[in-house]
Amino acid sequence: QVQLVESGGGLVQPGDSLRLSCAGTSSTYFMGWFRQAPGKEREFVAAISWSGGTQDYEDSVKDRFTISRDNAQNTVDLQMNSLTPEDTALYSCAAGRTFWSKRRIAGEYEHWGQGTQVTVAS
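A. Representation of the packing of aromatic side chains within the structure. The tally for this structure, following the rule as stated, stands at 8 aromatic pairs. Where Phe 30 meets Tyr 109, the ring centres are 5.4 Å apart and the plane angle is 75°; that geometry is what we call edge-to-face. One end of the pair, Phe 30, is in strand β4 (residues 30-36); the other, Tyr 109, is in the loop between β9 (89-96) and β10 (111-112), with 79 residues separating them in the sequence. Comparing Phe 30 with Tyr 109, the two get one shared label, buried. By way of ring pairs, the aromatic residues Phe 30, Phe 34, Phe 44, Trp 50, Trp 100, Tyr 109 and Trp 112 are connected into one cluster. Directly above the aromatic system of Trp 112 lies the positively charged group of Arg 42, at a separation of 4.0 Å from the ring centroid. Sitting above the plane of the Phe 99 ring, Lys 102 keeps its charged end 5.1 Å from the centroid.

B. Representation of the pairing of strand β7 (residues 65-70) in the model. Burial of β7 is one-sided: the residues Phe 65, Ile 67 and Arg 69 facing one way are buried, the residues Thr 66, Ser 68 and Asp 70 facing the other way are not. Here 6 bridges tie β7 to strand β8 (residues 75-80), and the two strands are oriented antiparallel to one another. Bridge pairing links Ser 68 to Asp 77 in β8. Between β7 and β8, which follow one another and run antiparallel, lie 4 residues, and Asn 74 among them has a positive phi close to 60°.

C. Seen up close, the state of the cysteines. Summed over the entire model, instances satisfying the criterion amount to 1 disulfide. In this model Cys 22 forms its disulfide with Cys 93; the gap between the sulfur atoms is 2.0 Å. Judged by the sign of its S-S torsion, about 55°, the bond between Cys 22 and Cys 93 is right-handed. Of this pair, Cys 22 sits in strand β3 (residues 18-23) while Cys 93 sits in strand β9, placing them 71 residues apart in sequence. There is no split in this pair, since Cys 22 and Cys 93 are both buried.

How each quantity is defined
- Residues numbered from 1 in each chain as written.
- Predicted model: local features only at pLDDT ≥ 70, side-chain atom pairs only at ≥ 80, totals over all residues.
- Heavy atoms only, no water.
- Phe/Tyr/Trp six-rings, centres within 6.5 Å; stacked < 30°, edge-to-face > 60°.
- Helix = DSSP H or I, 4+ residues; strand = E, 2+ residues; numbered from the N terminus.
- Buried < 20%, exposed > 50% of the residue type's maximum accessible area, 1.4 Å probe, protein only.
- Lys NZ or Arg CZ within 6 Å of the ring centre and 35° of its normal.
- Pairing = 2+ DSSP bridges.
- Disulfide = S-S within 2.5 Å.

See below:
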């Protein structure tokens, strides 16, 4: 049974960095990070393949965010740099098993964490 727990969120200023962590992962799943801002739909942020060899990013976070995983520790991290107020959202990690080609679709993920809040404000 996969139980995902996120940590690392908080209140930061524009330009700051945060590192989110998701515990309870498994190498039998590819992993994704999604976010949902108030009044908006949940959106894809980043995904990493089973071995960690392939990553994918939403355009607005590419070059600022880095997803990584440690299969020995069963964790997946999201390093977020140069944060802006537009990054404010509840960030959730998710585990998917079957179709890497559908990694950007929330419905393809089988397990979800409760989320960790990221607020970027001056």
